[in-house]
Amino acid sequence: MSTTSTSPARGRLATAVLRRKPVTDLVAEADHGPLKRSLGLSQLTMLSIGATLGSGIFVVLGEAVPVAGPAVVVSFVLAGITALFSALSYAELAGMIPLSGSSYSYAYATLGELVAWVCGWCLVLEYGVSVASVAVGWGQYVNELLHVAFGVTLPDALSGPPGDGGLVNIPAIVVVLLAMVLLLSGAKESARANAIMVAVKIGTLILFCAIAFTAVRAQNFTPFLPLGLAGMSAGGAKLFFSYIGFDAASTAGEEARNPQRDLPRAILLSLGIVTVLYCLVAVAAIGALPWQQFGDKQAALSHVLTTITSNPLWAILLAIGAIVAISSVVLTVLYGQTRILFAMSRDGLVPKSLSTVHPKTGVPRTNTLVVSGFVAVLAAFVPLGKLADATSIGTLFAFGLVNVAVLILRKRRPEAERTFRVPFSPVTPILGVACCAYMMFSLDGATWIVFGAWMLLGLVIYFGYSVRRSRLAESVR
């Protein structure tokens, strides 16, 4: 009797978690949504560069060099290749399904609601937690600027989280709240401010290279693999964090003027620009300073200039550029997080208040306030290293799903219009999945424990709340 009564319930649950959202419905939502279409190709490209360029090269480089040694240059290339495979898949799906939900929406159309939820939950880890970790790095450069320019620093208790010798990271809270104020003004206004900040940080990195290359010594690159291939791979896994953000343009799918044409171009163009800059800066930094002297420095580039020059002006300029650069990352990644939650809210998987748009600014105001508050608290009390590694594993999982989604849609919807097609499919998406898996397994056991706990919490929320409130569930009642 119990078996008979529970079988229908199990069948309904299985149907619920596997239900998919038709691609035509996703495109219709994008065309008739409440968000304003105001962003062109240059703004979308700047959005992705803004979300990517800064976190890795200004902050995480100092953590990766002690792990990989001079081979950190190859670590950047390895992480970039992994990102490229996924970027190609993102480009195809962004042109096909130009929706704010990014890979969450792609998974909903191909792999079913449960996998879409898991993907969206990973994106919360990718975007929300990475904003917090970058904000922590912003505080490090504020302290560096104060030290170099004025000979003072903020008290440890007010500039670092518990576990890093402090009580609360006030600068990290400040930069998140400043980004929140910009976002509340509107997407077009935020994009304009981001474009200015991107120009400043590209100029800063070019200035760093110009100075550091004058001090490059060939002996600093030998031995090239002091910690072996395992160290190079571990460095790549850490530095993958620095490529997070190239997909930010895909979260602007409903605010792009010509999404089918511009989204694929913006994703690939931004990744190319960022990769070239990363490799140039890594070569300059390692060549100018022996890798043993990085010593897990979070303000690594400023440390390099302070060491190789006697003029504090260059370190001051770099610190200012880094502060602007990291501010841009905080702004654009915070933007991406709010748009992903907007899409999940519209589907009923999280509270509906998160998809309510302000009639004047076209901004999901409640969403922005909630996300900013959560990120500010996280940045204030959690150390950078833990945040960066947790972000990387969540991102790699989501990227792997995007590659799988390309393979499935090629089979299920071969006739669908695609403004960009992944070359050499299915080989390229399969390589994308393999690279993501390889990078995930290069991370340490503690990171996997955090990821497992995060996934468990997500499943509890899905089965306790989302599965019954889904709009697809309501449509079949």
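Residues numbered from 1 in each chain as written. Predicted model: local features only at pLDDT ≥ 70, side-chain atom pairs only at ≥ 80, totals over all residues. Heavy atoms only, no water.

*Asks:* Help me understand the overall build of the chain, please; the structure alone is not making it clear to me.
*Replies:* Summing up its helical and strand segments, the chain has 19 helices and 0 strands in all. Against the compact-globule benchmark of 23 Å for 477 residues, the chain has a radius of gyration of 22 Å, which places it among compact chains. For the C-alpha atoms alone, the extent of the chain along its principal axes is close to 80 × 45 × 45 Å. Looking at the chain as a whole, 59% of its 477 residues qualify as buried. Restricting the contact set of the chain to residue pairs at least 6 apart, pairs at least 24 apart contribute 84%. With an accessible surface of roughly 17600 Å², the chain has 69% of that area assigned to carbon and sulfur atoms. Side-chain charges of the chain comprise 32 positive and 22 negative groups, with the mean position of each set lying 6 Å from the other. (Helix = DSSP H or I, 4+ residues; strand = E, 2+ residues; numbered from the N terminus. Rg over C-alpha atoms; globule rule 2.2 N^0.38 Å. Buried < 20%, exposed > 50% of the residue type's maximum accessible area, 1.4 Å probe, protein only. Contact = heavy atoms within 4.5 Å. Areas by Shrake-Rupley, 256 points an atom, 1.4 Å probe, with all protein chains shown as cover. Lys, Arg positive; Asp, Glu negative; His and termini not counted. Charge placed at Lys NZ, Arg CZ, Asp CG, Glu CD.)

*Asks:* In this structure, what is going on with the packing of aromatic side chains? I would like to understand it.
*Replies:* To describe a pair of aromatic rings, one takes the distance between the centres and the angle between the planes. Tallied over the entire structure, the rule returns 14 aromatic pairs. Both rings, one in tyrosine 90 and one in tyrosine 106, keep their centres 6.2 Å apart while their planes meet at 70°; by these two values the pair is edge-to-face. Here tyrosine 106 lies in helix H6 (residues 103-110) and tyrosine 90 lies in helix H5 (residues 72-96), a separation of 16 residues in the sequence. Given the relative accessible area of 0%, tyrosine 90 is considered buried. What links up through ring pairs into an aromatic cluster is the set Trp117, Trp121, Trp454, Tyr462 and Phe463. (Phe/Tyr/Trp six-rings, centres within 6.5 Å; stacked < 30°, edge-to-face > 60°.)

*Asks:* Help me understand the pattern of salt bridges, please; the structure alone is not making it clear to me.
*Replies:* Any two side chains of opposite charge can pair, so long as their charged atoms come close to each other. Per the counting criterion, the structure on display carries 7 salt bridges. With a shortest N-O distance of 2.7 Å, arginine 346 and glutamate 254 are connected by a salt bridge. Here glutamate 254 lies in the loop between helix H11 (228-239) and helix H12 (259-288) and arginine 346 lies in helix H14 (residues 312-346), a separation of 92 residues in the sequence. Since its relative accessible area comes to 13%, arginine 346 is described here as buried. (Salt bridge = Lys/Arg side-chain N within 4 Å of Asp/Glu carboxyl O.)

*Asks:* What am I meant to see in the side chain of glutamine 337 here?
*Replies:* Tracing the sequence through the fold places glutamine 337 in helix H14. Residue class for glutamine 337 comes out buried when judged on its relative accessible area of 2%. Those residues in contact with glutamine 337, other than ones at most four positions away along the chain, are Leu123, Val124, Tyr127, Gly128 and Val371.

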